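# Fold and geometry: a report
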Amino acid sequence: LIPAALIVCASQSALAQEWTRFVSPEDGFSANYPGKPKVETTTYLSEYRQTLPAKVYRAADALGRYSTTVVDYRGIEKMHADRAAKCQAAKGANQQDGDTCQNDFRVDVAGATDHAVWDYMRRDGVKITNYMFYFVELVSGRALQMTNADKTRTFAAIHQHAGRLYIHEATVPPGMPEPILFMQSLA
């Protein structure tokens, strides 16, 4: 049972942080965040081990942590072609995975959503409580709900659109409501 004073303090802190619509024309999405999200440039490893450019948009408040990761798959065809050409020039010598001479970009792109889901499923101490087909603004994807080892709950929606992979995630403390304002705001 949560003491009433703690609930009042948490709700006052949450209300102090104003939720606003954030739009990223550069990365092709918008979403609601508690304040302006911080942006981190990073990389993302695809299923076929291509290192892709990515950005993570993060924000937090007293009710949870929120992020949208945008992975740019638009250059992956060239990356796979370059790797296959390098392998073929070496006549397949020093291959580590047995088939890097193949250009697997179509399979890498087609499986991007499922690969991102698999990354969640294989986390230590995570119990998947819901997994389903999902769509937002006619863009299909997958939705996951999970309980973490520390009893926090994570909600994720994963979509591909216009050459990008979008991983939209919220984690809330035990006993807190679902982060609907964030999760249903992705556009």
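Residues numbered from 1 in each chain as written. Predicted model: local features only at pLDDT ≥ 70, side-chain atom pairs only at ≥ 80, totals over all residues. Heavy atoms only, no water.

What follows covers the overall build of the protein chain. Helix and strand counts for the protein chain stand at five helices and nine strands. When the helices and strands of the protein chain are read in sequence order from the N terminus, they spell out α-β-β-β-β-β-α-α-α-β-β-β-β-α. In the protein chain, once contacts between residues fewer than 6 apart in sequence are set aside, the share between residues at least 24 apart is 47%. Carbon and sulfur atoms make up 56% of the accessible area of the protein chain, which totals about 10,800 Å². (Helix = DSSP H or I, 4+ residues; strand = E, 2+ residues; numbered from the N terminus. Contact = heavy atoms within 4.5 Å. Areas by Shrake-Rupley, 256 points an atom, 1.4 Å probe, with all protein chains shown as cover.)

Take the pattern of salt bridges next. Where charged atoms of side chains with opposite charge meet at close range, the side chains can pair. Following the criterion strictly, the structure yields eight salt bridges and no others. The shortest N-O distance in the salt bridge between Lys 55 and Glu 26 comes to 2.5 Å. In this pair, Lys 55 sits in strand S4 (residues 51–61) while Glu 26 sits in the loop between strand S1 (19–24) and strand S2 (29–34), placing the two residues 29 residues apart along the sequence. For Lys 55, a relative accessible area of 17% gives the class buried. Glu 26 gets classed as exposed once you look at its relative accessible area, which sits at 55%. (Salt bridge = Lys/Arg side-chain N within 4 Å of Asp/Glu carboxyl O. Buried < 20%, exposed > 50% of the residue type's maximum accessible area, 1.4 Å probe, protein only.)

Attention now moves to unusual backbone geometry. Non-glycine residue Glu 137 carries a positive phi angle of around 50°. Here Glu 137 lies in the loop between strand S6 (127–136) and strand S7 (139–147).

As paired elements, strand S3 (residues 38–45) and S4 share eight bridges and run antiparallel to each other. By the bridge assignment, Val 39 is partnered in S4 with Tyr 57. (Pairing = 2+ DSSP bridges.)

Evaluation of the coordinates by the stated rule reveals eight aromatic pairs. With centroids separated by 5.5 Å and ring planes inclined at 50°, the aromatic side chains of Phe 22 and Tyr 57 adopt a geometry described as tilted. Of this pair, Phe 22 sits in strand S1 while Tyr 57 sits in strand S4, and the two are 35 residues apart along the sequence. Among the residues examined, Tyr 57 registers a relative accessible area of 3% and is labelled buried. Members of the aromatic cluster, each reached through a chain of ring pairs, are Trp 19, Phe 22, Phe 29, Tyr 33, Tyr 57, Tyr 66, Tyr 166 and Phe 182. (Phe/Tyr/Trp six-rings, centres within 6.5 Å; stacked < 30°, edge-to-face > 60°.)

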